[in-house]
Amino acid sequence: MVELTIDGMKVEVPEGSMVMHAVEKLGSYVPHFCYHKKLSIAANCRMCLVDVEKAPKPLPACATPVTQGMVVHTANEKAKKAQQGVMEFLLINHPLDCPICDQGGECQLQDLAVGYGKSGSRYEEEKRVVFHKSLGPLISAEEMSRCIHCTRCVRFGQEVAGVMELGMLNRGEHSEITSFLGRGIESELSGNMIDVCPVGALTSKPFRYSARTWELSRRKSVSPHDSLGANVVVQVKANRVMRVLPYEVEDINECWISDRDRFSYEALNSEDRLLQPMLKRDGTWEAVDWPTALASTVEVLGAARGGGSAALGALYGSLSTTEEIFLLNKLIRALGSDNIDYRVAHREFAADSEPGIDWLGMSVAEVGQLDRVLLVGSDLRKDHPVLAARIRTAAKRGTKVSVVHSTDDDLLMPIAAKCIVRPSAIAQTLAQIAVALAKEKGVAAPASLHGVQPTECASVAAKSLASGSRVGVFLGNAALHSVHSGSIRSLAAWIARQSGGRFGVLGEGANAVGAQALGAVRPGGPVQSNSLLVMNLEPQLDGHLAALLARSAQRKIALTPFRSAAEDWADIMLPIAPWSETPGSFVNAEGRLQTFNASVKPQGEARPGWKVLRVLGEQLRLGSFTYDSAEAVRAEALGEGFALSGKLGEGKAAVVAVVPQPVTGGLECATPMPIYRSDLIVRRANSLQQTADAKPPMVAVHPDTAAQLGLVIGSAARVRSQSGEAVLPVSADESVPAGVVRLPAGHAATNVFGGDLQVSVERI
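Computed from a predicted structure; not experimentally measured.

> Account for the overall build of the protein, naming residues and giving values.
In terms of helices and strands, the protein carries 22 helices and 33 strands. Over its C-alpha trace the protein gives a radius of gyration of 28 Å, about what one expects of a compact globule, namely 27 Å for 764 residues. Projected onto the principal axes, the alpha-carbon positions of the protein cover approximately 85 × 65 × 60 Å. Here the protein holds 764 residues, and 61% of them are scored as buried.

As structure tokens, then:
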């Protein structure tokens, strides 16, 4: 530790720290623009100049290393004069447009200009003008003349998002920030550039000119779009969600959120919102009042009472709160059925007979401290963007990341070993890694792996894992949805144990861990029922099982925030409030319970889902459904002092059985879920649907595969499976291995394949 004195106060900081770090430890403040605690030091704005005794001139606090006995003055005459001089230079070319600037009221330059600027300018020449840039549908760069060249946006892209999409051209007064070759910004974390920009150069395009910051009320909440559970601040005006910003929680999302978390709020105010109950009569939808709709729902549910799983089933989506899941579970079980589940895209349920819960296997913070990581079947960048940024940061510090997957998508981080194989060969590849790891560790491989010979890739991955002291092995959605998910799970867990590490699951949705903790899954997966209740789910897009069960049921009830999510298949639609309009809780991947309150009142006649389920339970006379608050539901569901520590353990991980052999012929289908098709809220966010990640589905094949099949890139092809067929355009993609077809999920055109592994593609 190094001791120094700042403004007469002594402070100790680690050797190698900068003066700025010592100032922060004291709780003091030095004006700055380019410095950001999560980014590298650039020292190009010079606003943080301070007076260091024995130094001939003021020094930047962000880039001056501390020394023993150093004496620093941050606010004496010499320091203030230097800071005021820098501010005068910064304002020379800055436009005087604060009254119309979207950053007004929360602008760092505006705030510091009050304290360090002068009442008038000595600069009489013309100000420079920088033409606006087109950066895509999410970020507005219409007033780049405001830019002060702090380069925070550039450094964020390089260091956190992992891709340099912005850079600086020219020198001196002619410097300007721009994108490369006029392209837009396509990073899934791009909205954080708006947050780190200290002026109004980069602003939110969806929020632009819609409200002033001082008009907005702020509500702390939790994002529902992935299992990380990013903490957010929902900003509200006139009972309408206007903006979503990150709420800093270092152990979860740090100070970042993904674009999916940030911009999906547009759907909450869309015209597609279901604002009153509706019944289908003679094939036509009619709006009714709540008593009528509830009476019809009670009639359907009451007719199924006592009939078991064949009579009644329920499916719920990833947006459902712990309280909603508990009450739905209680309702269906009280009616005599255990047919309730969220796993609508899974193909195998062999692990259901084993105790344990699929969870991360460690805290989110511990993930960033690993020195070896094996990702199995994970589209990490798109499924968990903020967690990907944490692992990316660790990789830059030396963490070795290995990948086993059926597509070679760029994770924007160094990869130690990459095994890209057919979907049916993922289990076999893990078996090869297990055998190679056993050899490295000098232990016996599982008897069921006798005769397995490691490939070069598997051997490299095993050596990497064997050399680590803090190892994490994680399964992604492609592994969980695999027809061999049981084998994949047991092999991954064995590899983690032999590496001295931890096994975890990067699950789907916001509350998969909570659902398992509540027992709200059916052993063996959901089955067909005569009557079906669906909550926060869009069966035709969310998974092949959901689509199948919705088609087969005779009577269908939808609890949904959006009309188009249910009007094509349901008989009764009950409007429930989305996450922003209801109190509730989610249990994230690490088993952390996070509660939130409603940010706005429900729109129209929509009601919180837990209230609707409570009333249904009361009208069906199913026992104790007399809850007066979401907190009361939560207390019964989880008990006092909720903790999953006793339930988590290693998760579901059986003894390694005989590894299934991969399919050797034909084409196999990889079906990743695009980031902006992942749930029914995101699909209705207009700005997100204009991004490159939301493009219409295409048949993506390797150029060699396209040549073998005689496919013409850009032309249409017919894709067939046992369940259905579709006509889609063909694209060439070298990230797809030979013999594999990538068909993105979340689209009606691709959900017709029913989760089939094998497909055929022919030129039209």
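> Before we move on, can you summarise the UniProt feature "domain: 4Fe-4S His(Cys)3-ligated-type" (unreviewed entry) in the protein with the specific residues and values?
In the numbering used here, UniProt assigns the "domain: 4Fe-4S His(Cys)3-ligated-type" (unreviewed entry) feature to residues 78-117. The span residues 78-117 carries 60% helix and 0% strand; its end-to-end C-alpha distance comes to 15 Å.

> Please provide a residue-by-residue account of the state of the cysteines, values included.
Covalent bonding between the sulfur atoms of two cysteines defines a disulfide. Here the structure, examined in full by the defined rule, presents 1 disulfide. Note that cysteine 419 is cross-linked by a disulfide to cysteine 457, the S-S spacing being 1.9 Å. Measuring handedness by torsion sign, the sulfur bridge of cysteine 419 and cysteine 457 sits at about -105° and is left-handed. Of this pair, cysteine 419 sits in strand β20 (residues 417-420) while cysteine 457 sits in helix α13 (residues 456-466); the two residues are 38 residues apart in sequence, bridging distant segments of the chain. Assessed through its relative accessible area of 4%, cysteine 419 is described here as buried. This cysteine, cysteine 48, is not joined by any disulfide, and cysteine 62 carries the nearest cysteine sulfur, 3.8 Å off. Residue classification places cysteine 48 among the buried residues on the basis of a relative accessible area of 2%. Cysteine 101 takes part in no disulfide bond, and the closest cysteine sulfur to it belongs to cysteine 107, at a distance of 6.1 Å.

> Any chance you could break down unusual backbone geometry for me, citing the residues and the numbers?
Look at arginine 46: it is not a glycine, yet its phi comes out positive at around 65°. As for its placement among the helices and strands, arginine 46 is situated in the loop between α1 (19-26) and β3 (49-52).

> Explain the pairing of strand β25 (residues 572-575) to me, using residue names and the numbers behind them.
On β25, burial covers both faces: Ile572 and Leu574 on one face and Met573 and Pro575 on the other are all buried. Examined bridge by bridge, strand β14 (residues 278-281) and β25 share 2 bridges and lie antiparallel to one another. Residue leucine 279 lies in a different strand from β25, and its bridge partner there is isoleucine 572. Note: strand β24 (residues 555-560) against β25, 4 bridges, orientation parallel. Bridged to isoleucine 557 within β25 is isoleucine 572.

> I'd like to hear about helix α8 (residues 322-334), residue by residue, with values.
Spanning 13 residues, α8 covers 18 Å between terminal C-alpha atoms, matching the ideal 18 Å at 1.5 Å per step. Those residues of α8 that fall on the buried side of the exposure criterion are Thr322, Glu323, Glu324, Ile325, Phe326, Leu327, Leu328, Asn329, Leu331 and Ile332. Note on α8: the residue one or two positions beyond its end, glycine 336, has a positive phi of about 95°.

> Which residues make up the environment of glutamate 762, and what values go with them?
Mapped onto the elements, glutamate 762 comes out in strand β33 (residues 758-763). Residues glutamate 762 and arginine 718, spaced 44 residues apart in sequence, show a C-alpha to C-alpha distance of 5.4 Å. What glutamate 762 contacts, discounting residues up to four positions off in sequence, is Leu711, Ala717, Arg718 and Arg720. Among the polar contacts listed, one links the side chain of glutamate 762 to the side chain of arginine 720, at a separation of 2.9 Å.

> Outline the sheet that holds β25, listing residues and values.
What the 7 strands build is an open sheet, ordered β15-β14-β25-β24-β23-β16-β17; its pairing is mixed. Looking at which strands have only one partner, the edges of the open sheet turn out to be β15 (284-287) and β17 (340-341). Together, β14, β16 (312-316), β23 (531-535), β24 and β25 form the strand contacts of helix α7 (residues 290-303), whose direction differs from that of β25 by roughly 125°. Its contacts with the sheet place α8 against β16, β17 and β23, and it is angled at close to 170° to β16.

> Can you lay out a nonpolar patch on the surface for me, pointing to particular residues and giving the numbers?
Taken together, the side chains of Met164, Phe180 and Leu181 define a hydrophobic patch exposed on the protein surface, amounting to about 360 Å² of accessible area. A residue is classified by how much of its surface remains accessible, and leucine 181, at 86% relative accessible area, is exposed.

> Which residues make up the packing of aromatic side chains, and what values do they have?
Per the counting criterion, the structure on display carries 4 aromatic pairs. Relative to phenylalanine 596, the ring of phenylalanine 586 lies with its centre 5.1 Å away and its plane at 40°, an arrangement referred to as tilted. Residue phenylalanine 586 is found in strand β26 (residues 584-587), and its partner phenylalanine 596 is found in strand β27 (residues 593-596); the two are separated by 10 residues along the sequence. Looking at phenylalanine 586, the relative accessible area reads 2%, which means it is buried. When its relative accessible area of 3% is taken as the criterion, phenylalanine 596 is described as buried.

> Run through the pairing of strand β31 (residues 725-732), naming residues and quoting values.
Inspection of the sheet shows strand β29 (residues 699-701) paired to β31 by 3 bridges, in the parallel sense. The residue of β31 that forms the bridge with alanine 700 is serine 731. As defined by bridge partners, strand β30 (residues 716-720) adjoins β31 across 5 bridges and the pair is classed as antiparallel. When the bridges of β31 are listed, valine 719 appears paired with alanine 726. Here β30 hands over to β31 after 4 residues, the two strands then running antiparallel side by side.

> Tell me about the packing of helix α12 (residues 426-441) against helix α15 (residues 485-498), and please be specific about residues and values.
For the pair α12 and α15, the least separation of the axes is 9 Å and the interaxial angle reads 20°. The angle between the axes of α12 and α15 places the two elements in the roughly parallel class. Note on packing geometry: the crossing formed by α12 with α15 is left-handed. Together, Ile426, Ala427, Leu430, Ala431, Ile433, Ala434, Leu437, Ala438 and Lys441 of α12 and Ser487, Ile488, Leu491, Ala492, Trp494, Ile495 and Gln498 of α15 make up the contact between the two elements. Tallied by class, residues from the contact of α12 with α15 come to 13 nonpolar, 2 polar and 1 charged.

About the cut-offs
Residues numbered from 1 in each chain as written. Predicted model: local features only at pLDDT ≥ 70, side-chain atom pairs only at ≥ 80, totals over all residues. Heavy atoms only, no water. Helix = DSSP H or I, 4+ residues; strand = E, 2+ residues; numbered from the N terminus. Rg over C-alpha atoms; globule rule 2.2 N^0.38 Å. Buried < 20%, exposed > 50% of the residue type's maximum accessible area, 1.4 Å probe, protein only. UniProt positions renumbered as here; feature names shortened; annotations may be inferred. Disulfide = S-S within 2.5 Å. Pairing = 2+ DSSP bridges. Expected span 1.5 Å × (residues − 1). Contact = heavy atoms within 4.5 Å. Polar contact = N/O pair within 3.5 Å; in protein donor to acceptor, adjacent residues only side chain to side chain. Axes fitted to C-alpha atoms, helices over the stretch in contact; angles between N-to-C directions. Patch = residues over 30% accessible without salt bridge, like charges linked within 9 Å, V, L, I, M, F, W, Y side chains within 5 Å. Areas by Shrake-Rupley, 256 points an atom, 1.4 Å probe, with all protein chains shown as cover. Salt bridge = Lys/Arg side-chain N within 4 Å of Asp/Glu carboxyl O. Phe/Tyr/Trp six-rings, centres within 6.5 Å; stacked < 30°, edge-to-face > 60°. Parallel < 35°, antiparallel > 145°, perpendicular 65-115°, else oblique. Left-handed = near helix turned anticlockwise from the far one by under 90°. Nonpolar A, V, L, I, M, F, W, Y, C, P; charged D, E, K, R; others polar.

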